[in-house]
Amino acid sequence: MVETIDEYISEYSKDIQEILKKIRKTIKEAAPNSEERIRWGMPTFYQKENLVHFAVNKKHIGFYPSPSGIENFKEELSSYKTSKGAAQFPYDRPIPYELIKKITQFRVNEAENK
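Residues numbered from 1 in each chain as written. Predicted model: local features only at pLDDT ≥ 70, side-chain atom pairs only at ≥ 80, totals over all residues. Heavy atoms only, no water.

Engineer: Describe the environment of Arg 37, with residues and values.
Structural biologist: As for its position among the elements, Arg 37 is in strand E1 (residues 35–39). Residue classification places Arg 37 among the partly exposed positions, given a relative accessible area of 22%. Spatially, the C-alpha atoms of Arg 37 and Thr 4 are 6.6 Å apart, while their sequence positions differ by 33 residues. Apart from residues no more than four positions distant in its own chain, Arg 37 is found in contact with Ile 5, Met 42, Pro 43, Thr 44 and Tyr 46. A polar side-chain atom of Arg 37 sits 2.9 Å from a polar atom in the side chain of Glu 35. (Helix = DSSP H or I, 4+ residues; strand = E, 2+ residues; numbered from the N terminus. Buried < 20%, exposed > 50% of the residue type's maximum accessible area, 1.4 Å probe, protein only. Contact = heavy atoms within 4.5 Å. Polar contact = N/O pair within 3.5 Å; in protein donor to acceptor, adjacent residues only side chain to side chain.)

This is how it looks when you write it as structure tokens:
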């Protein structure tokens, strides 16, 4: 079981590592005061609560911004497969880093205003 996001990233191929590093940087820029953690085996960013998680899957990156993060961006996420609290960003399409940033900023604001 990995204990840090660096360990998590290091388990994957170089091309996947590049995507993960960019997602991590994007989230950190959107949530500069968040703490990095591993929760449920996934990289997690925490600020008063779990903000967002991400994970490698066979054909996609799973992005988990809680149900509110999915609901509030359902238009922008409409071309991706989503569920109650998750979005799937397939490897055969560009990863939507700007959208990840916007959703993370939304989650920071939500956590701070609870």
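Engineer: Could you give me a rundown of the sheet that holds strand E5 (residues 81–82), with the residues and numbers involved?
Structural biologist: Sheet strands line up and pair through hydrogen bonds in the backbone, either parallel or antiparallel. Within the open sheet, the 6 strands sit side by side as E1-E2-E3-E4-E6-E5. Their pairing is antiparallel. A strand with exactly one partner marks an edge of an open sheet, and here the two such strands are E1 and E5. Relative to strand E6 (residues 87–90), E5 is paired through 2 bridges, and the arrangement is antiparallel. Bridge pairing in E6 links Thr 82 to Ala 87. (Pairing = 2+ DSSP bridges.)

Engineer: Pulling in residues and values, what's your account of helix H2 (residues 14–30)?
Structural biologist: Over its 17 residues, H2 extends 24 Å from the first C-alpha to the last, a length consistent with the 24 Å expected when each residue adds 1.5 Å. Within the sequence span of H2, burial applies to Ile 16, Gln 17, Ile 19, Leu 20, Ile 23, Arg 24, Thr 26, Ile 27 and Ala 30. Residues of H2 that are buried make contact with helix H1 (5–10), E1, strand E2 (42–46), strand E3 (50–56), strand E4 (60–64) and helix H4 (97–112). (Expected span 1.5 Å × (residues − 1).)

Engineer: Now, about the pairing of E3: what can you tell me, with residues and values included?
Structural biologist: Across the 7 residues of E3, 6 count as buried, placing the element largely inside the fold. Across 3 bridges, the pairing between E2 and E3 is antiparallel. Across the sheet, the residue bridging to Thr 44 is His 53, located in E3. The pairing of E3 with E4 spans 4 bridges and is classified as antiparallel. By the bridge assignment, Phe 54 is partnered in E4 with Phe 63.

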